[in-house]
Every structure is written in structure tokens, then in C-alpha cells.
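Below are the chains, spelled out letter by letter.
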Amino acid sequence: ARAAALALGTAVLSGCGAGQYISIGDTAAGYNREVLNLGLWAIAISAVIFIGVSAALFYTVQKFREDRNTAEPQQFHGNNKLEVWLVAVPIVIVLGLSVLSVRSLARLNPVSKESVGIEALGAQFWWNFSYPANAAAAGGVVTNGNEMVMPAEAKIAVTTTSRDVIHGFWAPNLGGQRASIPTVKKSWQLDTDRPGVYQGNCSQLCGASHANMRFKVVALPADRYETFETAAQAYRAPTPAPGSAEARGYTIFMQGKAATGAIACASCHRVQGTPAAGVSGPDLSFFGTRRTLGAGKWEAMTPARWEDPEAARILHLWLKNSPGVKPGSLMPTYDGSTYYVNGKPQKGGVLTDQEIDDVAAYLRSLQLPEEADYWRGSP
Ligand code: CUA
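Going by an unreviewed UniProt entry, the protein chain carries the name cytochrome-c oxidase and comes from Deinococcus reticulitermitis. The record held by UniProt for the protein chain lists under Function (unreviewed entry) the comment "Subunits I and II form the functional core of the enzyme complex. Electrons originating in cytochrome c are transferred via heme a and Cu(A) to the binuclear center formed by heme a3 and Cu(B)." UniProt annotates the protein chain under Sequence similarities (unreviewed entry) with the comment "Belongs to the cytochrome c oxidase subunit 2 family."

As C-alpha cells, this is what we get:
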């Protein structure tokens, strides 16, 4: 009966069935199962109270209808016995619900020691996911912008933090909302039994592009996660062939173009295995493997889609004038237009269309080996 109730709850809360859907009632996650169970208890108790009160009301209205009772009703003042009941029963109900809530909290809150640790850093307006447990092995922390990779059927301890204002980490299918607060690192547990791609959003109003601060969580079967982890640790960005578009893009990425005031991408972004080690923008190490752009503003940038001129056009626009296509983006412009940092106008640098496309070519060459591509098999 409980399983049926949970299934019903899931169906009601999720609205639709197969495929990618966003649901707080996704029972593949232990967190959601616990919360749903607690909710069902609260709903069941509320239903009993509602039915009881309604029944008493209808009974009273019927029994004491004026047309049936011409005599004046019995008059009395105060009823100690009734008043004791009226206080005692709600106390018992509230205490009961408190016990259930505390029990759920105790089950959800401790982060077990076997958990896979992942750190989620929120920033205006993007996310970085890092795997600090790997730090020693990798000679540095593996990080990935806007796409979090985790094993399914395992406990994950996500540590949330922020580099500017308060953000909210929320992937509804995997668990509740968690605040990402600057200077604070708080760990909490999430999990899912079902491998798949899950939608995440920033759940705390944080500025002009709050709505464009999304992320994907890719939950992989254990063996594929291990392949990803190993490859991510070993990953060193490929060195472009001399004379290629990628090589020209690499130079601009690392050095910018002083003559036209174009700031080097490397001053804000990190690419594993290169001198680029900036931290004020998202990590671009696996840019070519990622399928979202602009923190989820554009999706489904599949390898096939890169052949589509529309996808290339979006990336071109993004690199050239990021704040122009995503309000509040702190990335400098490369078409000479003005952009704002903390409200202060800054003059953008200039890159030619060819140079922009060279940088795009370099970025797209930053790919994990095929077997470690966490998107492989996703539609
Ligand atoms: Cu970050 Cu809303």
C-alpha cells in the first residue's frame, strides 16, 4: 500500500512519465523517498482531521436545524473535560509530526563516510563542480563547469559554496534545495538509483541572470563513472597542431591580444594541463565534451549539432559579446562594446570574427576521450 501511495505521489508530482522530467517526487532518490513518506504521513493525518471536522460540522448543522428544534437549546458555560481534549489532541498531533520530522532529518542529514565528495561552487552566473577527493591523484583538482558528473546508486556528499552572493543548488530529482553561501562550506547528501541526466537550477534570486544559472547532473553507472573519473584525472588538454585554427585560438586564449585590448581567456578560465588557471570564470577543461553553453542557456550542443551553422553562430555570439546574449554575464566583450563589472563600465577588447572562430575551434577541441564522454548514450 505504501509503495502504491508513493507511486501515486510520484505520478501526481511529476506530471509526466518517461524521459527527462523535473520532479521533487522522483523516488529514485532516497532523499525524495524520505520527504515524500513524511509528506504522506502529514497528508494522512490532515485528511483524518479534515474528515472528522467536516463530519462534526454536518452532523451539528443537521441535528440542530431551527425547523426541527423550536425549543431553546440547553445553555451552559465552560466544559473543562472538552477543553482538555481540545488542547491535548492537537498537542499529540503536533508532537507526532515533530517526531516524524526529526526522524527524517536524522536520516537525511548526516553525510556518510563512504560518500563520493563533490564540491559545487556557485557564481554569477555559472557553476563549477570539483572532485576534491581526486586532488592528490590528479596533481590538482578536477573541475567541470556547469555539468556535474556523479555515480548512480551511490551516496554523494555535495559541498556547496559560492564565490560571490548566495545561490541555491537544486536538482529536484536528486534532493532538496541547498544554499550556496560565500565563505561557508556545507555538505549534504544526494543520490539516485537511476542513471540519467537531471536538470539543476539556481534556486536563490541572485541577479540579472538568475534564470540562466542552470546545470546538468549526469548520473552514470558505477563503471562508467570510474572511467570518467580516471580519464578526468589523467586529462591534459590536447596541444593543437602548429598552424591550425586551434593553434591560433590557443594563442589568443592564453595571451589575449594586447594591441586591441582583448583580455586573455586564461586570466579567468582554467584548462587542465595548460598554463590557463583562472578561477573567476567556469572551468573549460572539457568544453568540447560539454553539451550546454552559458550555464544551460543553450542546450543540446551535441557533437552532431556543431556541424549546424546555428550552433556555431551561438558560440560565436557568446564569445564575442557574452553580456549581450546573457544579461549580467561578467565576461568581457570582444567586439569593443561596453560591459559592466560591479556596475562600472569597462571598454571591451576587439577580436576579429576569424579570431573568435579560432578560439571557438580551440574550445571545441577540448574533449575527454570518447570512452569517458559522460554524455555518450544520452539523446
Ligand atoms: Cu545564482 Cu540564482
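Take the sheet that holds strand 6 (residues 167-170) next. Pairing is mixed in the open sheet, where 5 strands are placed in the order 4-10-9-6-7. Both edges of this open sheet fall to strand 4 (147-151) and strand 7 (178-180), since each of them pairs with a single strand only. This sheet shows a mean twist of 30 degrees between the axes of neighbouring strands, independent of strand direction. Pairing between strand 4 and strand 10 (residues 214-220): 5 bridges, direction parallel. The partner of M148 across the bridge, within strand 10, is V217. Where helix 5 (residues 222-234) meets the sheet, its contacts fall on strand 4 and strand 10, and the angle it forms with strand 4 comes to roughly 130 degrees.

Our focus in this paragraph is the packing of helix 6 (residues 245-255) against helix 9 (residues 353-364). Remark: helix 6 packs on helix 9, axes separated minimally by 7 Å, with the N-to-C direction vectors making an angle of 100 degrees. What the angle tells us is that helix 6 and helix 9 run roughly perpendicular. The residues of helix 9 that touch helix 6, namely those facing A245, E246, R248, G249, Y250, I252 and F253, are E355, D358, V359, A361 and Y362. Tallied by class, residues from the contact of helix 6 with helix 9 come to 7 nonpolar, 1 polar and 4 charged.

Quick look at the UniProt feature "transmembrane region" (unreviewed entry) in the protein chain now. The positions that UniProt labels "transmembrane region" (unreviewed entry) are, in the present scheme, residues 38-61 and 82-102. Each end of residues 82-102 is marked by a C-alpha atom, and these two atoms are 30 Å apart; helix forms 100% of the span and strand 0%.

Sheet analysis places strand 11 (residues 338-341) next to strand 12 (residues 344-347), joined by 4 bridges and oriented antiparallel. In the sheet register, T338 faces strand 12, and the bridge partner there is K347.

The next subject is the pairing of strand 5 (residues 156-162). Within a regular beta strand, the side chains point alternately toward one face of the sheet and then the other, so they alternate between its two faces. Within strand 5, 6 of the 7 residues are buried, leaving the element largely enclosed by the surrounding structure. Summarising the sheet, strand 1 (residues 116-123) and strand 5 pair through 7 bridges and their orientation is parallel. Opposite G122, over in strand 5, you have S162 as the bridge partner. Of the pairings in the sheet, the one linking strand 5 to strand 8 (residues 186-190) comprises 5 bridges and is antiparallel in character. Within strand 8, the residue paired with V158 across the bridge is W188.

With that settled, consider the confidence of the model for the protein chain. Confidence in the prediction of the protein chain, expressed as mean pLDDT, is 87, and 91% of residues score 70 or more. Note on residues 11-19: pLDDT is under 50 here. Beyond four places in sequence and across chains, it has 8 contacts. Per the prediction output, this complex has pTM 0.83; the corresponding ipTM is 0.98.

As a further point, take the domain arrangement of the protein chain. Domains assigned within the protein chain are domain 1 (2-108) and domain 2 (119-379). For domain 1 and domain 2, the distance between their C-alpha centres works out to 45 Å. Listed per partner, the contact involves 12 residues of domain 1 and 13 residues of domain 2. Per-element tally for the side of domain 1 that touches domain 2: the top contributor is helix 2 (residues 30-63), with 4 residues. When its residues are assigned to classes, the side of domain 1 that touches domain 2 shows 7 nonpolar, 4 polar and 1 charged.

Parameters at a glance
- Residue indices begin from 1 for each chain and proceed along its sequence in written order.
- With pLDDT at 70 or above as the cut-off, local features in this predicted model cover only qualifying residues; side-chain atom pairs require 80 or more to be listed or tallied, and sums for whole chains, interfaces and linings still use all residues.
- UniProt positions are given in the numbering used here, feature names are shortened, and annotations may be inferred rather than shown by experiment.
- Paired strands, as defined in this entry, are two strands with at least two bridges between them according to DSSP.
- Going along the chain from the N terminus, every DSSP run of H or I of four or more residues is numbered as a helix, and every run of E of two or more is numbered as a strand.
- Between N-to-C directions, angles cover 0 to 180 degrees, with each direction set by a line fitted to C-alpha atoms, over the stretch in contact for helices.
- Any pair of residues counts as being in contact when their C-beta atoms, constructed from backbone geometry, are within 7 Å of one another.
- For classification purposes, angles smaller than 35 degrees are called roughly parallel, those larger than 145 roughly antiparallel, those between 65 and 115 roughly perpendicular, and all remaining angles oblique.
- For this scheme, ten residues count as nonpolar: Ala, Val, Leu, Ile, Met, Phe, Trp, Tyr, Cys and Pro. Four count as charged, namely Asp, Glu, Lys and Arg, and the remainder, Gly too, count as polar.
- Residue burial here comes from a neighbour count, namely the number of other C-beta atoms, placed from the backbone, that lie within 10 Å of the residue's own C-beta, with 20 or more meaning buried, 12 or fewer meaning exposed, and in between meaning partly exposed.
- pLDDT expresses how confident the predictor is about each individual residue, on a scale running from 0 to 100.
- What marks off one domain from the next here is an automatic or database domain assignment.

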